[in-house]
Amino acid sequence: MNSQERSSPWPTRLAVLFASLSAALFLACAYLVYVDRSLGLSGADAQAMLDNPLIRDRVIRELVNEAGGDWDSHNDPDVGRMMRPESNKKRAGIRFASNRLGLREKEFELPKPEGLIRVVLLGDSYIFGTGLEAESRVGCFLEEQLRDGAGDGGPPIEVLHYGLISWNYLSEAAYVRRQLSLLQPDLVIQLSCPNDLDDCYGVRGFGSMSRFTAQHRSRADALVQYRHPSVMMGIGSINYLSRGMDHESRQRYEAAAEASAKMIEAIGELGGEYLHVFRWEGPSQRPRRLLLPELSDERVFFLSSEFFLNPDYWVQPNDNHFNRAGMEIFSDLLYAVIQQRGLLPMLELEPVERASQALRGMEQELGDEPYDEEKKLQNYFPIDDHLSFEPLTEEDAPHFNGGVDDQGRTSPYASLSFRPRGKETLHLRGRGL
């Protein structure tokens, strides 16, 4: 392909973009002229309308809802991304509406009103409620249970969902800490999953998801994620990013542990409690040690794989996000943990047999699960001291963390793991562009 052929799409794209912007500008001008003439307004009157905050907010809401994407196009180097504020759209028959903060949650007061008991559920797509209507999420059930458990005459109670698809530990900690003095939670319950060490996707123009992370812009499109082998290489497996077994993984654990520790400390300084819920394979003792080594057992809770791998609780046969039934059981578990461990000491919560029974069943399931030992993993998919792309196999999957495709082409940043086995030199063989 010659240089002229390579460059030909750009003038076409620019022409299309220019035409689109010109059309939008023409329509906006035509509309303002129409408003001027139909209402008998002068230019000064029209400007006064646009300066009205109520009218301006209405215009912004209309623009948000007319845009194709769901995400705020302003990439954030700490949080990653947010939803567009005050959007109201349907995707696959499910309505996804956001409040003024860009959260999939009702509007709530900041700073917190005096006397209100506020519980914050923190996480990613499981808290966001992928595949579910907003009212079928765990916080809606938990809020009702806490109010019933506190009885008549108790203080007002509010449970908020602070979750977004693809958020990681850094995103969650950064977002909560920014508004902690206004949020003033009495209890933060953080749900973590193996992909919370992954890079958080950024966004492109018009609110579409992008193949880069705002948290590491210098790495271009080299997203690091534990499903990189299956998502980007088509070899149907995962890597060991969540196991803390190589430099990339340990570095991410260290950053996540530091961010989490600062957030937990700040919550405690404001008089709030904290609970970390692990939705990982096995009892998750290894990630617990790497992420939250100082956190007491009373502030940690594990979900059994028997529960979250049960397809009866999935939104779709190929999507293991919790459905409504799974969210109800999750709420029962959280209520029992809060009540039995006294995580909301200002409330005298009555025990609920259904919730207590769910917790007893979960503890019994966890008692039968083996620890996730490194030796077991190495025997299953060993990391070797060599790697070839001719051909790639499932046994090669653990080597790849990100930045490499199935042809061996690399991004500006690539992350791979090898087991040296006594060797001191790394040899790379391939072609450069």
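Draft legend 1. Structural detail: the overall build of the chain. The secondary structure content of the chain amounts to 15 helices and 11 strands. Across the 433 residues of the chain, 46% fall into the buried class. By element, 53% of the accessible surface of the chain is carried by carbon and sulfur atoms, the whole surface being about 23100 Å².

Draft legend 2. Geometry of the side chain of glutamine 145. Structurally, glutamine 145 can be placed in helix H6 (residues 138–150). Glutamine 145 sits in the buried class, given a relative accessible area of 12%. Among residues more than four places away in sequence, those in contact with glutamine 145 are Ser331, Asp332, Tyr335 and Arg354.

Draft legend 3. Geometry of the pairing of strand S1 (residues 88–91). Pairing of S1 with strand S2 (residues 94–97) involves 4 bridges; the strand directions are antiparallel. Its bridge partner lying in S2, lysine 90 is registered against arginine 95. Between the antiparallel neighbours S1 and S2 lie 2 residues, among them alanine 92 with a positive phi of about 55°.

Draft legend 4. Layout of H6. Taking 1.5 Å as the rise per residue, H6 with 13 residues should run 18 Å; its terminal C-alpha atoms sit 18 Å apart, in good agreement. Here H6 has its buried residues at Val138, Gly139, Phe141, Leu142, Glu143, Gln145, Leu146 and Gly149. Downstream of H6 by a residue or two, glycine 151 has a phi angle that is positive, lying close to 80°.

Draft legend 5. Region of interest: the layout of surface pockets. Empty space within the largest pocket amounts to approximately 1600 Å³. In terms of lining, the largest pocket is formed by 35 residues, of which the most central are Leu387, Phe389, His427, Leu428 and Arg429. Mapped onto the lining of the largest pocket, the elements with two or more residues apiece are helix H15 (374–380) and strand S11 (410–416).

Draft legend 6. Local environment of the nonpolar core. Membership of the largest hydrophobic core comes to 82 residues, with the highest contact counts inside it found for Leu146, Tyr162, Ile189 and Leu303. Once residues within four sequence positions are removed from consideration, leucine 303 is found in contact with Leu191, Val277, Phe278, Arg279, Trp280, Phe308, Phe322, Phe330, Leu333, Met362 and Leu366. Residues Met233, Ile235, Phe400 and Val404 belong to the second largest nonpolar core, which totals 6 residues.

Draft legend 7. Geometry of the packing of H6 against helix H13 (residues 324–341). H13 packs onto H6 with a crossing angle of 40° between their chain directions and a minimal axis gap of 8 Å. Classed by the angle they form, the pair H6 and H13 counts as oblique. When the axes of H6 and H13 are compared, the crossing they make is right-handed. Along the contact surface, H6 presents Val138, Phe141, Leu142, Gln145, Leu146 and Gly149, while H13 presents Arg324, Met327, Glu328, Phe330, Ser331, Asp332, Leu334, Tyr335 and Ile338. Partitioned by chemical class, the residues of the contact of H6 with H13 number 9 nonpolar, 3 polar and 3 charged.

Draft legend 8. Molecular detail of the side chain of aspartate 319. Considering the arrangement of structural elements, one finds aspartate 319 in strand S9 (residues 319–322). For aspartate 319, the contacting residues outside a window of four places in its chain are Thr130 and Trp314.

Draft legend 9. Molecular detail of the packing of aromatic side chains. With the rule as written, the count across this model stands at 11 aromatic pairs. Summarising the aromatic geometry, the rings of tyrosine 162 and tyrosine 175 are spaced 5.6 Å apart at their centres and angled 50° between planes, so their arrangement reads as tilted. Of this pair, tyrosine 162 sits in strand S4 (residues 157–163) while tyrosine 175 sits in helix H7 (residues 169–178), and the two are 13 residues apart along the sequence. Owing to a relative accessible area of 0%, tyrosine 162 belongs among the buried residues under this scheme. Taking 5.9 Å as the distance between ring centres and 55° as the angle between the ring planes, the aromatic pair formed by phenylalanine 322 and phenylalanine 330 counts as tilted. Phenylalanine 322 sits in the buried class, given a relative accessible area of 1%. Ring pairs connect the aromatic residues Tyr126, Phe307, Tyr313, Phe322 and Phe330, which therefore count as one cluster. Over the aromatic face of phenylalanine 128 sits the side chain of arginine 104, whose NZ or CZ is 5.3 Å from the ring centroid. Above the plane of the ring of phenylalanine 308 lies arginine 279, whose end atom (NZ or CZ) is 4.3 Å from the centre.

Draft legend 10. How the structure looks around the sheet that holds strand S6 (residues 273–278). The 5 strands lie next to each other as S4-S3-S5-S6-S7, forming an open sheet whose pairing is parallel. Of all the strands in the sheet, just S4 and strand S7 (300–302) have a single pairing partner and so form its edges. Along the sheet, successive strands turn relative to each other by an average axial angle of 20°, direction set aside.

Draft legend 11. Quick look at the environment of glutamate 107. With respect to the helices and strands, the residue glutamate 107 is situated in the loop between S2 and strand S3 (117–123). By relative accessible area, which is 42% here, glutamate 107 ends up partly exposed. The sequence separation of glutamate 107 and leucine 160 amounts to 53 residues, and the corresponding C-alpha distance is 9.8 Å. Beyond its immediate sequence surroundings of up to four residues, glutamate 107 is in contact with Glu86, Asn99 and Arg100. Here the side chain of glutamate 107 touches arginine 100 through a polar contact of 2.6 Å, side chain to side chain.

Cut-offs and rules
- Residues numbered from 1 in each chain as written.
- Predicted model: local features only at pLDDT ≥ 70, side-chain atom pairs only at ≥ 80, totals over all residues.
- Heavy atoms only, no water.
- Helix = DSSP H or I, 4+ residues; strand = E, 2+ residues; numbered from the N terminus.
- Buried < 20%, exposed > 50% of the residue type's maximum accessible area, 1.4 Å probe, protein only.
- Areas by Shrake-Rupley, 256 points an atom, 1.4 Å probe, with all protein chains shown as cover.
- Contact = heavy atoms within 4.5 Å.
- Pairing = 2+ DSSP bridges.
- Expected span 1.5 Å × (residues − 1).
- 1 Å grid on protein atoms, 1.4 Å probe; cavity = no way out; pocket = protein on both sides within 12 Å on 5 of 7 lines; lining within 4 Å.
- Points joined across faces, edges and corners; volume = space filled by probe spheres on them.
- Core = buried A, V, L, I, M, F, W, Y, C linked by side-chain atoms within 4.5 Å.
- Axes fitted to C-alpha atoms, helices over the stretch in contact; angles between N-to-C directions.
- Parallel < 35°, antiparallel > 145°, perpendicular 65-115°, else oblique.
- Left-handed = near helix turned anticlockwise from the far one by under 90°.
- Nonpolar A, V, L, I, M, F, W, Y, C, P; charged D, E, K, R; others polar.
- Phe/Tyr/Trp six-rings, centres within 6.5 Å; stacked < 30°, edge-to-face > 60°.
- Lys NZ or Arg CZ within 6 Å of the ring centre and 35° of its normal.
- Polar contact = N/O pair within 3.5 Å; in protein donor to acceptor, adjacent residues only side chain to side chain.

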